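Breakdown of the fold
Listed below are the residues making up each chain.
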Amino acid sequence: MPENAARSLGRMFHLISGAIEAEKDHLSELDGVIGDADHGITMSIGFMAVNATLARLDMETSTPAAVLSIAASAFLNAVGASTGPLYATGLQRASQALADSCELGPVNQAAMIAAIARGIRDRGKSQRGDKTMLDAWLPAAEAAQTAIDTGGGLTMMWQQAIAAADSGACSTRSMIAAKGRAARVGARSLGHIDPGAASAVIILRAMGRTFCPQQATIRVVSSVS
Amino acid sequence: MATKKIINKGDDAVDEMLDGILDAHADTVMRLDSNKRSIVSRNGPRKGKVGLVIGGGSGHEPSFLGFVGKGLADAAAIGNVFASPPPDPIIECTKAVDGGAGVLYMYGNYAGDVMNFDMAAEMVAMDDIEVRTVLSTDDIASAPLNEKHKRRGVAGNFFIFKAAGAACDKMLSLDECERIARKANDRTYTVGVALSPCSLPQTRKWNFEMGDDEMEIGMGIHGEPGMSREPLQTADDITDRIIDKIFGEMAPAKGDRVAVLVNSLGSTPLMELYIMNRRVHQRLRERGVEVHKTWVGTYCSSLEMAGASITLMHLDDELTGMIDHPCDCAMFSVK
């Protein structure tokens, strides 16, 4: 029997949490160079809270929209910081985007990526090139949509989304931060990858692993982590 | 190797600290049942008074909750270490201190705090509570004057919140409280110097590296890089650098009055703070500036970071009245 959509999302948040946990120290080190060294901890606290909350939810009767909305407030209230409002708004938008859906096919997965990216952009009032997590999320959303539009399958969609996120995150190395705490460092942020963009890649990879059975064969060479 | 801290589990540090603070200061503050990260003054909030809600990340104690009490802030929303509180504790603080005259939000200018407090303000607006926000931007080393809106709020919060809290306690209108808060921020100037890094309870790793013989002028209270990294200088030279920077912007005239705060970032002892304070007073005397009041100690820390900051508030009669107004907080009082 195929897994229901809510359960897939539950599994997705588990995989994200595990991936963040594995990279926690690395993310905090990236943040230590240009910020306040707490990014790995913040992301870890947030996704652990999401999992703890979702564990109490009856996935059999839940819609994808409900799971995403509950995840949004669990993340927000565990974290605060700047990642709290950003990811909470992103997940809330994803919940709205999937409001009428009970399934999570490639089209809805692409819509979810796009909604998260839009929510982060609106809440943070940022744009591409500001050296933030958007430099990974926006290219990923575009690449996923392009793959769908050109008739690419599930594997191709995730492969291209992750590749776009990865190269977007790497491009933050040559950017001067315009938003967030790193903006105060100005030109000294040059040469360093934005930790928020790096964690976005980790999240997207975990999402890809959730939905893409061929993920093991997806080869995107990462230069982020 | 992990840094040495007297803690239990890193993840429990903030809540266990709050337990201890409530055990010590139950006469002045309490924790809301609706949110364990909402700390409210027992005697401050009352009908017709503008409520003052402050807040921010933990790790800066006695900021922010140490300044909750009659005559100063009515409530503080507590975040994780170096992380803004989420909207929920801010919302609960707001409801608890609302006396029908509006609520003032005051906190340091950081992207995360702005987003969370703004989300909270949007939510309480639905309950018909009018909220105004005044961000503190006293760290003059964190951005040039023409980008003042990008500056961080640091130890100068102490003076800025004090002035606003007094205005609220005097039962002034929301418009007046906001005006005084903005004026207090405009006239408060801070520059810090860091000598060694701090470490978060969860990582127990130094959050930046600094050579044995180095210092950094202008470093932020979360270890954000400052203006320049250079060899450690003497107390007088460091103090002169900071005072020159502040005078450059404040431009005090002969006969002007200031309030002085010499603040430890965590592990720098009083001995060193008073040596700095000696030089601050020498420089102010030379310039013909009168010192109205001086505070020396730990008012806005950065965990165990070594270093200090100097804040001058450029007083006028109104702000002098606000600074002298009595307050009775958990970790600070003016009789």
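Along each chain, residue indices are assigned from 1 in the same order as the chain's sequence is written. As they are written, the chains are lettered A onward and the ligands numbered 1 onward, keeping that order. The predicted nature of this model means local features are confined to residues of pLDDT at least 70 and side-chain atom pairs, given and counted, to a pLDDT of 80 or more, with totals for whole chains, interfaces and linings taken over all residues.

**Some details on the overall build of chain A**
Secondary structure elements follow DSSP: runs of H or I of four or more residues count as helices, runs of E of two or more count as strands, with numbering from the N terminus. Secondary structure summary: chain A contains 8 helices and 0 strands in total. Taken from the N to the C terminus, the helices and strands of chain A come in the order α-α-α-α-α-α-α-α. For chain A, whose C-alpha radius of gyration is 16 Å, the value lies close to the compact-globule estimate of 17 Å for 225 residues. Exposed residues have 12 or fewer other C-beta atoms within 10 Å of their own C-beta, buried residues have 20 or more, and partly exposed residues fall in between, where C-beta atoms are placed from the backbone. Counting only residues that meet the buried cut, chain A has 61% of its 225 residues in that class. Sequence separation of at least 24 residues holds for 67% of the intrachain contacts in chain A that already meet a minimum separation of 6. The globule rule used for comparison is 2.2 Å times the number of residues to the exponent 0.38, while the radius of gyration itself is calculated over C-alpha atoms. Placing a C-beta atom from the backbone of each residue, one calls two residues in contact when those atoms lie within 7 Å.

**Observations regarding the overall build of chain B**
Summing up its helical and strand segments, chain B has 8 helices and 15 strands in all. For chain B, the C-alpha radius of gyration of 19 Å lies close to 20 Å, the compact-globule estimate for 335 residues. Dimensions of chain B, computed from the C-alpha atoms along their principal axes, are close to 55 × 55 × 35 Å. When burial is assessed residue by residue, chain B has 56% of its 335 residues classed as buried. Considering only contacts within chain B whose residues lie at least 6 apart along the sequence, 73% involve residues at least 24 apart.

**Structural notes on the domain arrangement of chain B**
Size of an interface, as often reported, equals the accessible area lost when the parts are brought together. Residues and elements named next belong to chain B. An automatic or database domain assignment supplies the residue ranges for each domain. Taken domain by domain, chain B holds domain 1 (10-186) and domain 2 (188-323). On a C-alpha basis, the centres of domain 1 and domain 2 stand 23 Å from each other. Tallying the contact residues gives 32 residues for domain 1 and 34 residues for domain 2. It is helix H4 (residues 157-169) that provides the largest number of residues to the side of domain 1 that touches domain 2, a total of 8 residues. Under this grouping Gly is polar, as are all residues other than the nonpolar Ala, Val, Leu, Ile, Met, Phe, Trp, Tyr, Cys and Pro and the charged Asp, Glu, Lys and Arg. Broken down by class, the residue content of the side of domain 1 that touches domain 2 amounts to 17 nonpolar, 8 polar and 7 charged.

**Some remarks on the pairing of strand S6 (residues 103-108) of chain B**
Both faces of the sheet carry side chains from a regular strand, because those side chains alternate between them. Residue and element names in this part refer to chain B. Within S6, 6 of the 6 residues are buried, leaving the element largely enclosed by the surrounding structure. Two strands are said to pair when DSSP picks up at least two bridges between them. Alignment of strand S3 (residues 51-58) against S6, held across 4 bridges, turns out to be parallel. Bridged to Val53 within S6 is Tyr105.

**Remarks on the interface of chain A and chain B**
The interface is formed by 25 residues belonging to chain A together with 30 residues belonging to chain B. For the side of chain A that touches chain B, the elements supplying multiple residues, two or more each, are helix H1 (5-34), helix H2 (39-54), helix H3 (64-79) and helix H4 (83-97) of chain A. Residue composition of the side of chain A that touches chain B, grouped by class: 9 nonpolar, 9 polar and 7 charged.

**Some points on the sheet that holds strand S7 (residues 131-136) of chain B**
Picture the strands of a sheet paired through backbone hydrogen bonds; they go either parallel or antiparallel. Residues and elements named next belong to chain B. Strand order across the open sheet formed by 6 strands is S1-S2-S5-S3-S6-S7, with mixed pairing between neighbours. At either end of the open sheet lies a strand with only one pairing partner, and these are strand S1 (29-32) and S7. Across the sheet, the axes of successive neighbouring strands diverge by a mean angle of 25°, strand direction being ignored. Geometry is summarised by axes, namely lines fitted to C-alpha atoms with helices restricted to the contacting stretch, and by angles between N-to-C directions that run from 0 to 180 degrees.

**What to know about the environment of Phe208(B)**
By secondary structure assignment, the location of Phe208(B) is in the loop between strand S8 (188-196) and strand S9 (214-217). Along the chain, Phe208(B) and Gly218(B) lie 10 residues apart, while their C-alpha atoms are 15 Å from each other.

**Some details on helix H2 (residues 87-97) of chain B**
Within H2(B), 10 of the 11 residues are buried, which leaves it mostly tucked inside the rest of the structure. Among all positions of H2(B), only Pro87(B), Asp88(B), Pro89(B), Ile90(B), Ile91(B), Glu92(B), Cys93(B), Thr94(B), Ala96(B) and Val97(B) are buried.

**Things to note about the sheet that holds strand S14 (residues 327-329) of chain B**
Residue and element names in this part refer to chain B. An order of S4-S14-S15 is seen for the 3 strands of this open sheet, with the pairing classed as antiparallel. Every other strand in the sheet has two partners, leaving strand S4 (69-70) and strand S15 (333-334) as the edge strands with one partner each. Relative to S14, S4 runs antiparallel, the two sharing 2 bridges. Along S14, the bridge assignment pairs Lys70 with Asp328.

**Quick notes on the packing of H4(B) against helix H8 (residues 317-324) of chain B**
All names here are of chain B. Taken N-terminus to C-terminus, the directions of H4 and H8 make an angle of 90°; their axes are 8 Å apart at the nearest point. As the angle between them shows, H4 and H8 are arranged roughly perpendicular. Of H8, the residues touching H4 (which contributes Phe159, Lys162, Ala163, Ala166 and Ala167) are Leu319, Met322 and Ile323. Oblique is the label for every angle not falling under 35 degrees (roughly parallel), over 145 degrees (roughly antiparallel), or within 65 to 115 degrees (roughly perpendicular).

**Regarding unusual backbone geometry**
Residue and element names in this part refer to chain B. A cis amide bond links Glu61 to the next residue, Pro62, at an omega of 10°. For Pro62, the location among the structural elements is in the loop between S3 and S4. A cis amide bond links Ser63 to the next residue, Phe64, at an omega of 0°. Residue placement: Phe64 occurs in the loop between S3 and S4. The backbone of Asp128 sits at a positive phi, close to 65°, despite the residue not being glycine. Here Asp128 lies in the loop between helix H3 (111-125) and S7. We note that Leu303 has phi near 55°; this positive angle belongs to a residue other than glycine.

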